[in-house]
Structure formats: C-alpha cells, structure tokens
Amino acid sequence: MADFTVVVADPEDGSTYQLDVDGQDANRFVGRDIGEEVDGGAVGLDGYTLEITGGSDETGRPMRENVPGSNIKQLLLDGGVGFEPSRDGERKRITVRGRKVSDETAQINAKVTDSDEGVAEVLGESDDDE
C-alpha cells in the first residue's frame, strides 16, 4: 500500500507543511502526473485544490516532468530538476524518475491552487506557537 509524505506549499504566505498520508488518502495520488490537480481532502485540507509540482522516490531521485511513466531513467542533463551545473556548458548523466506518482514515490511536492483562507488556519497552526 502506498505511503507518502506530501509537502504542501502555500503561495499566499510562502510557508510549507509536511503531511503524512497513507491508505485510501494516498491512493488519490497514485497514477497522477506532475501538473495534475488533486482534492486537498486527501491531506486534511477540505475545500482546497492541490497541484502536484514534483516529488522524489525513497532514494532521493527527483521526478522530472519530461520523463513519461514512473520508471527510472538516466538522462544527460544540462540543468533543471536534478542537476544544477557549476559552469557554462557542463552536462552530467543523472538518474531520475518519471512524472507519474507510483508506490515507489516517497515524497510528493504540491502547492495550493484554490483557497479561501490560509492553510495554517485549517491545520490549526498559528504564529503564536513560535
């Protein structure tokens, strides 16, 4: 059964929240691609819509939007997700995972696209806790 950590970014205030999902809630993410929208109820954010922006597997390999499926692939990269070149023209062969969320995915990155109020209020977190 799938078990993920979903990192939800709130673009309104720039904060992020790590939420663990498993069971039926995790199954809402399986089979979805980067860029697709998911109901926020899967992570306890009822009434919100989340857009999947990326993720990684259990070994830390990043998901890339230009790789179909959920398989591992080696790409010769000159920048972007998974590789940041240190000089002009530098390229490197990097192992990445495809854009589809699968059971091998360990972390999913998502951002809130539709909201009426901030995510912190819904999750019961406030600035007074600091």
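Up top you'll find the structure we're talking about.
Residues numbered from 1 in each chain as written. Predicted model: local features only at pLDDT ≥ 70, side-chain atom pairs only at ≥ 80, totals over all residues. Heavy atoms only, no water.

A closer look at the pattern of salt bridges
In step 1: On inspection of all chains with the given rule, the structure shows eight salt bridges.
In step 2: Note that Glu-36 and Arg-32 form a salt bridge whose closest N and O atoms lie 3.9 Å from each other.
In step 3: The partly exposed category is assigned to Arg-32, whose relative accessible area is 28%.
In step 4: One salt-bridge network, in which partners are shared between bridges, spans Asp-25, Arg-28 and Asp-39. (Salt bridge = Lys/Arg side-chain N within 4 Å of Asp/Glu carboxyl O. Buried < 20%, exposed > 50% of the residue type's maximum accessible area, 1.4 Å probe, protein only.)

Topic: the side chain of Thr-49
In step 1: Along the chain, the position of Thr-49 falls in strand β4 (residues 49-57).
In step 2: Apart from residues lying up to four places away in sequence, Thr-49 is in contact with Glu-37, Val-38, Gly-40, Lys-111, Val-112, Thr-113 and Asp-114. (Helix = DSSP H or I, 4+ residues; strand = E, 2+ residues; numbered from the N terminus. Contact = heavy atoms within 4.5 Å.)

Here's the deal with the pairing of strand β7 (residues 105-114)
A regular strand places its side chains so that they alternate between the two faces of the sheet.
In step 1: The sheet contact formed by strand β1 (residues 3-10) and β7 spans five bridges and is parallel. From the neighbouring strand, Ala-9 faces β7, where its bridge partner is Lys-111.
In step 2: Across eight bridges, β4 lies against β7 in antiparallel orientation. What sits directly across from Gly-54, in β7, is Asn-109. (Pairing = 2+ DSSP bridges.)

Some points on the nonpolar core
In step 1: In this structure, Phe-4, Val-6, Val-8, Phe-29 and Val-43 are the most contacted members of the largest nonpolar core, which totals 23 residues.
In step 2: Those residues in contact with Val-8 that sit more than four places away from it in its chain are Ser-15, Thr-16, Tyr-17, Leu-19, Val-43, Leu-45, Leu-50, Ala-110 and Val-112.
In step 3: By size, the runner-up hydrophobic cluster in this structure holds six residues, among which are Leu-75, Leu-77, Ile-94 and Val-96. (Core = buried A, V, L, I, M, F, W, Y, C linked by side-chain atoms within 4.5 Å.)

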